[in-house]
Amino acid sequence: MPQPQPSSTLRVMERPPVPSNDPSRPMPVRSVNAGPPLESQSDHDPLLTVDDVARRLNVSRDWVWDHSSRKLPHLPVIRMGDGTLRYRFSGIEGFISEQEQLSAARRRRK
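All of the points below concern the structure found in this document. (Residues numbered from 1 in each chain as written. Predicted model: local features only at pLDDT ≥ 70, side-chain atom pairs only at ≥ 80, totals over all residues. Heavy atoms only, no water.)

**A short note on the pattern of salt bridges**
So, point 1. In the structure shown here, the tally under the stated rule is four salt bridges.
So, point 2. Among the ionic pairs, D51 bridges to R61, the shortest N-O distance being 2.6 Å. One end of the pair, D51, is in helix 2 (residues 50–57); the other, R61, is in helix 3 (residues 61–69), with 10 residues separating them in the sequence.
So, point 3. For D51, a relative accessible area of 32% gives the class partly exposed.
So, point 4. Judged by relative accessible area, which is 47%, R61 ranks as partly exposed. (Salt bridge = Lys/Arg side-chain N within 4 Å of Asp/Glu carboxyl O. Helix = DSSP H or I, 4+ residues; strand = E, 2+ residues; numbered from the N terminus. Buried < 20%, exposed > 50% of the residue type's maximum accessible area, 1.4 Å probe, protein only.)

What follows is the structure, encoded as structure tokens:
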């Protein structure tokens, strides 16, 4: 004779994460409905490394470092807390367009 199945379901309740002062533990992420999801934003405008920018501009890594801080033309840069540099893809493309326009303007003046 078949045994009756229990009708109750076991539910496991998780405790909410407790914030920590330990910098090696990331803070819990909260979901906020302000604008499009971050995944779609990063897909459209990824962050590039120094090596990525050097390859895109066909220059050395040293040139990228120099033009990220003190020399003209200045590259639009994002400085991370640990000293690394990141660049928005759109910012680098804008830099290329701006340099192209300046070159064309110089040619017209001569």
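**Focus: unusual backbone geometry**
So, point 1. Phi at N58 takes a positive value of approximately 60°, unusual for a residue other than glycine.
So, point 2. Topologically, N58 is positioned in the loop between helix 2 and helix 3.
So, point 3. With a relative accessible area of 71%, N58 lands in the exposed category.

**Considering helix 2**
So, point 1. Listing the buried residues of helix 2 in full gives V50, V53, A54 and L57. Along the axis of helix 2, the buried residues cluster in a sector spanning 100°; they form a single face.
So, point 2. Buried residues along helix 2 sit in contact with strand 1 (47–48), helix 3, strand 3 (85–88) and helix 4 (89–109).
So, point 3. Phi turns positive one or two residues past the end of helix 2, at N58, with a value near 60°. (Arc of directions from axis to C-beta. Contact = heavy atoms within 4.5 Å.)

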